[in-house]
Amino acid sequence: MSRAGSLAPLTAAALWGGMYVVSKWGFAVIPPVTLAFLRVALGGLTLFVVVRLTMPSRKFSRDDWKRFGILGGWVALTLVTQFVGTDLTTASQGSLLTVLTPVFTVLLGISVLGESFSRRKGAGMALAVVGTVVVLTGQYDFSTVGSGNLLGVLALFAASFGWAGYTVWGKPLVRTYSALETATYSTLASIPMVGIFVPLELATASPSFDVTVTIPIVAAVLYLGVFSTALAWFLWYRGLEELDAGVVAVFFFAQPVVGAVLGALLLSESLAPSFLAGGTVMALGVWVVNTAGE
């Protein structure tokens, strides 16, 4: 496999890790579904401009548009449940998203795409899970995992499964066309699916809800739309151009590690003593899975 095939999903996970720092700068003041809509709208527009400027014009069949629409449905499910779930749960419960998404992706890759699952891949995935849990334990108070909103936890489970579905069902289109086109048209398809929930959310929002447009909020929305959506989703699918969905999924474990490092560098947060050990074990697991086919 090429270096680009591995670096692309790793970079995507790093960009998602950056969302942790961005959230500290203020985007949480926007209601979750509304924020998800702004994210996909800006991300879809960015991708569409890039496609029109860099790709030859292509006609897709009705079946292709249907498949893009299905991917858009996975995106809508993921974002709405992720943002609502995060809003209703604690940080430790939110970390379930990081651990469960790669596991669901591996299972779907085997059952839907017929991907192989060797002992080496299984061992690498197990190492990555253990390392990630160690990192997350140092970041969050896991005594709160059993408390909080059950609906929020169920939403996070749905979000984990949704992104796994977006990864697995996107692979055939990525291989037929390209990562850029698949990411673009699936994101565009998701915009109205997320958008239909925005009026309902705003109608039921607290009467005190009032967003004052500030530089941090604008920067947060731009980061979410341009970098953690348009660029990151393209890079995630770029990995699928060469790698199995189960291999791409393991790079998702890098997200909390990057978030912790950026928090320490930019927000003066401390890293737990277990961070280095957990990060090392996680990295070893990623390497084992990534080289399983060699």
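You'll find the structure just up there.
None of these values were measured; they are calculated from a predicted model.

Helix length check: helix H13 (residues 274-290), at 17 residues, gives a terminal C-alpha distance of 24 Å against a target of 24 Å (1.5 Å per residue), a fit within 8%. Looking only at H13, the buried set comprises Phe 275, Gly 278, Gly 279, Met 282, Gly 285, Val 286, Val 288, Val 289 and Asn 290.

A separate point is the packing of helix H2 (residues 32-54) against helix H3 (residues 62-88). At a closest axis distance of 8 Å, the pairing of H2 and H3 adopts a crossing angle of 140°. On the basis of their axis angle, the class for H2 and H3 is oblique. Crossing of H2 against H3: the hand is right-handed. Counting all contacts with H2, which are made through Pro 32, Val 33, Leu 35, Ala 36, Arg 39 and Val 40, the residues of H3 involved are Val 75, Leu 79, Val 80, Phe 83, Val 84 and Asp 87.

Enumeration over the complete set of coordinates arrives at seven salt bridges. Residue Lys 121 is joined to Asp 244 by a salt bridge in which the shortest nitrogen-to-oxygen separation is 3.6 Å. With a gap of 123 residues between them, Lys 121 in helix H6 (residues 119-139) and Asp 244 in the loop between helix H10 (215-240) and helix H11 (245-250) connect regions that are remote in the sequence. The exposure class of Lys 121 is buried, given its relative accessible area of 11%. Given the relative accessible area of 26%, Asp 244 is considered partly exposed. The residue Lys 171 makes a salt bridge to Asp 244 at a minimum N-O spacing of 3.2 Å. In this pair, Lys 171 sits in helix H7 (residues 150-176) while Asp 244 sits in the loop between H10 and H11, placing the two residues 73 residues apart along the sequence. Relative accessible area serves as the criterion here: at 11%, Lys 171 is assigned to the buried category.

Cut-offs applied
Residues numbered from 1 in each chain as written. Predicted model: local features only at pLDDT ≥ 70, side-chain atom pairs only at ≥ 80, totals over all residues. Heavy atoms only, no water. Helix = DSSP H or I, 4+ residues; strand = E, 2+ residues; numbered from the N terminus. Expected span 1.5 Å × (residues − 1). Buried < 20%, exposed > 50% of the residue type's maximum accessible area, 1.4 Å probe, protein only. Axes fitted to C-alpha atoms, helices over the stretch in contact; angles between N-to-C directions. Parallel < 35°, antiparallel > 145°, perpendicular 65-115°, else oblique. Left-handed = near helix turned anticlockwise from the far one by under 90°. Contact = heavy atoms within 4.5 Å. Salt bridge = Lys/Arg side-chain N within 4 Å of Asp/Glu carboxyl O.

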